[in-house]
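Single-letter residue listing:
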Amino acid sequence: AALLPCGHPYTTPGDIYARIVHGIRRQQNAAMSMGNLLEGTVLREGARLLGIRVRRNSRTWVHASLPLAATPDALVPGYPALAEVKVVSHWATEEWADGVPPYVYVQAQAQMLVTGRLHCHVIALLEGTRIVVKTLAADEAQQFEIADAVNRFDLRHLQPRIPPPDLDDELVLTVTAP
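Residue indices follow the written sequence of each chain, beginning from 1 at its first position. Where totals are concerned, whole chains, interfaces and linings use all residues; where local detail is concerned, this predicted model gives features only for residues with pLDDT of at least 70, and gives and counts side-chain atom pairs only at 80 or more. Excluding hydrogens and water, the side-chain figures rest on all heavy atoms present in the structure.

Helix and strand counts for the protein chain come out as 5 helices and 7 strands. Along the chain direction, N to C, the helices and strands of the protein chain fall in the order α-α-β-β-β-β-β-α-β-β-α-α. Seen through its principal axes, the protein chain has C-alpha atoms that stretch 60 × 35 × 30 Å. Exposure is judged per residue with a 1.4 Å probe applied to protein chains only, and the accessible area is read against the type maximum: over 50% gives exposed, under 20% gives buried, and values in between give partly exposed. Evaluated residue by residue, the protein chain yields a buried proportion of 42% over its 178 residues. Two residues form a contact once any of their heavy atoms are found within 4.5 Å. Taking contacts inside the protein chain between residues at least 6 apart in sequence as the whole, the part at least 24 apart equals 61%. Of the roughly 10600 Å² of accessible surface on the protein chain, a fraction of 53% belongs to carbon and sulfur atoms. Neither His nor the chain termini are counted; the positive set is Lys and Arg, and the negative set is Asp and Glu. A single reference atom marks each charge: NZ on Lys, CZ on Arg, CG on Asp, CD on Glu. Treating the 16 positive side-chain charges of the protein chain as one cloud and the 18 negative ones as another, the clouds have centres 10 Å apart. Numbering of helices and strands runs from the N terminus, with a helix taken as a DSSP run of H or I at least four residues long and a strand as a DSSP run of E at least two residues long. The Shrake-Rupley method, run with a 1.4 Å probe sphere, supplies the accessible areas, and residue values consider only the shown protein chains as cover.

This is the structure:
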């Protein structure tokens with residue numbers, strides 16, 4: 001989503017560049033760590049609400065022709081679907097008022113593009129009090145837009161090793177001896 005017009009609230013093209021080219025990631029904050037801790041519980045409750053079985057996932061898929069990878073939170077055995085879990089704080093709940101926010105929608109579409117799955121169950125714990133489940137179908141037009149954005153980023157930044165203008169110097173700052 002960081003490469004598309006909708007953007008991403010926590011990731012920039014510079015963050016993506018720093019991760020791929022320099023192997024540098026921003027540190028997790030407390031909210032991200034808490035989300036990881038709650039993920040399994042939220043996933044189980046979402047699966048119960050959907051009436052499906054899910055299997056947690058740790059595998060990363062790599063697209064056959066794009067520099068794009070995906071590690072969905074879970075898979076639905078025997079069905080071409082995956083699941084993505086979100087733990088949403090009080091401050092971000094409003095983003096979910098009209099459904100899945102654009103950046104989460106793009107993440108789900110990218111995961112379906114890479115894995116070849118046809119559906120993604122987005123399971124969100126909002127404000128720690130209620131679980132919302134939305135099932136998204138693969139969107140060919142959106143997946144084409146994702147592929148195009150990834151190709152452009154690869155050609156403009158990754159291959160020539162030209163950082164995007166928003167690259168945070170702190171992510172790649174190096175100290176050399178005189």
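In this description, a nonpolar core means a group of buried Ala, Val, Leu, Ile, Met, Phe, Trp, Tyr and Cys residues linked to one another through side-chain atoms lying within 4.5 Å. Counting 29 residues, the largest nonpolar core has Leu-68, Trp-96, Val-122 and Ile-146 as its most contacted members. The biggest single contributor to this core is helix α3 (residues 102-115), with 8 residues. In terms of nonpolar packing, the next biggest core, distinct from the first, is built from 8 residues, Ala-2, Ile-16, Leu-158 and Leu-167 among them.

In this section: the environment of Gly-116. You can see Gly-116 is positioned in the loop between α3 and β6 (119-126). Overall, Gly-116 belongs to the exposed group, its relative accessible area being 52%. Measuring from C-alpha to C-alpha, the distance between Gly-116 and Lys-86 comes to 21 Å, with 30 residues separating the pair along the chain.

Right, let's talk about the sheet that holds strand β4 (residues 74-76) for a bit. Between any two strands, at least two bridges found by DSSP are needed for them to pair. With mixed pairing, 5 strands are arranged side by side in an open sheet as β1-β4-β5-β6-β7. At either margin of the open sheet sits one strand with a lone partner, and together these are β1 (55-56) and β7 (130-137). One ladder, built from 3 bridges, connects β4 with strand β5 (residues 81-88); its direction is antiparallel. Its bridge partner being in β5, Val-76 is matched across the sheet by Ala-81. In this description, a line fitted to the C-alpha atoms serves as the axis of each element, helices being fitted only across the stretch in contact, and the angle between N-to-C directions of two axes falls anywhere from 0 to 180 degrees. Against the sheet, α3 engages β5, β6 and β7, with an angle of about 155 degrees to β5.

Known as pLDDT, the predictor's per-residue confidence is scaled from 0 to 100. Model confidence for the protein chain is summarised by a mean pLDDT of 91, while 94% of its residues fall at 70 or above. The lowest-confidence element of the protein chain is helix α5 (residues 169-172), averaging 65 in pLDDT; the highest-confidence one is α3, averaging 98. Low confidence marks residues 174-178, where pLDDT is under 50. Its contacts with residues over four positions away, or in another chain, come to 0 contacts.

Turning next to the packing of α3 against helix α4 (residues 140-158). Running from amino to carboxyl end, α3 crosses α4 at an angle of 85 degrees, the nearest separation of the two axes being 9 Å. Considering their axes alone, α3 and α4 lie roughly perpendicular with respect to each other. The segment α3 lies against α4, with Tyr-105, Val-106, Gln-109, Ala-110, Met-112 and Leu-113 engaging Gln-142, Gln-143 and Ile-146. Any residue that is not Ala, Val, Leu, Ile, Met, Phe, Trp, Tyr, Cys, Pro, Asp, Glu, Lys or Arg is counted as polar, Gly included; the first ten are nonpolar and the last four charged. Of the residues contributing to the contact of α3 with α4, the split by class is 6 nonpolar, 3 polar and no charged. Here is the rule for angles: anything less than 35 degrees is roughly parallel, anything more than 145 is roughly antiparallel, 65 through 115 is roughly perpendicular, and the remaining ranges are oblique.

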